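Breakdown of the fold
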Amino acid sequence: MATTTIRKPTSFRLRADLLERLRNNAFRENRTLNNYVESVLLEHIFNEPNDTTKTAIMEAMSGHNPNKVYDNVDDMFNDILNEE
């Protein structure tokens, strides 16, 4: 069964530097600007993280870090090597 995706022409006002970066990215991927922008938007809209990832994001954004934070690499390696 074939499906048809209906597309409607539209226009947006974008910053010149943003448009240039979009064009460069599309060119690097050998894609049209329209195809590239559509795929970026689709990925952003439909790529929802799972519950574990959402929880980790919220934890990171809260500034609460249950993990030990090290001031230097030597302390970190000493902890790793002395774990029992």
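Structure shown above.
This is a predicted model, so every value here is computed, not measured.

1. Considering the layout of surface pockets
Considered as a void within the structure, the largest pocket measures approximately 660 Å³ in volume. Thr-10, Phe-12, Asn-34, Val-37 and Leu-41 are the residues nearest the centre of the largest pocket, which is lined by 20 residues in total. Elements with a contribution of two residues or more to the lining of the largest pocket: α1 (16–28) and α2 (33–46). Per-element accounting of the lining of the largest pocket gives the leading share, eight residues, to α2. Looking at the lining of the largest pocket residue by residue, the class counts come to 13 nonpolar, four polar and three charged.

2. Points about the pattern of salt bridges
Summed over the entire model, instances satisfying the criterion amount to four salt bridges. Arg-15 is paired through a salt bridge with Asp-17; the nearest N and O atoms lie 2.8 Å apart. The exposure class of Arg-15 is exposed, given its relative accessible area of 57%. Under the relative-accessibility criterion, Asp-17 is labelled partly exposed at 43%.

3. Observations regarding α1
Here α1 contains 13 residues, and its C-alpha end-to-end distance of 18 Å stays within 8% of the 18 Å for a straight helix at 1.5 Å per residue. Within two residues after α1, Asn-30 carries a phi angle of roughly 55°, on the positive side.

4. Thoughts on the environment of Leu-19
In this structure, Leu-19 sits in helix α1. Along the primary structure Leu-19 and Val-37 are separated by 18 residues, whereas in three dimensions their C-alpha atoms are 10.0 Å apart. Discounting residues that sit within four places of it in the chain, Leu-19 has contacts with Leu-14 and Leu-33.

5. Structural notes on the packing of α1 against α2
Put simply, α1 and α2 touch, their axes get as near as 9 Å, and they point 100° apart. Judged on the interaxial angle alone, α2 and α1 are roughly perpendicular. Contacts between α1 and α2 involve Leu-19, Leu-22, Arg-23, Asn-25 and Ala-26 from the former and Leu-33, Tyr-36 and Val-37 from the latter. Its residues assigned to classes, the contact of α1 with α2 shows six nonpolar, one polar and one charged.

Rules used in this analysis
Residues numbered from 1 in each chain as written. Predicted model: local features only at pLDDT ≥ 70, side-chain atom pairs only at ≥ 80, totals over all residues. Heavy atoms only, no water. 1 Å grid on protein atoms, 1.4 Å probe; cavity = no way out; pocket = protein on both sides within 12 Å on 5 of 7 lines; lining within 4 Å. Points joined across faces, edges and corners; volume = space filled by probe spheres on them. Helix = DSSP H or I, 4+ residues; strand = E, 2+ residues; numbered from the N terminus. Nonpolar A, V, L, I, M, F, W, Y, C, P; charged D, E, K, R; others polar. Salt bridge = Lys/Arg side-chain N within 4 Å of Asp/Glu carboxyl O. Buried < 20%, exposed > 50% of the residue type's maximum accessible area, 1.4 Å probe, protein only. Expected span 1.5 Å × (residues − 1). Contact = heavy atoms within 4.5 Å. Axes fitted to C-alpha atoms, helices over the stretch in contact; angles between N-to-C directions. Parallel < 35°, antiparallel > 145°, perpendicular 65-115°, else oblique.

Distances and angles like these do not, on their own, reveal function.
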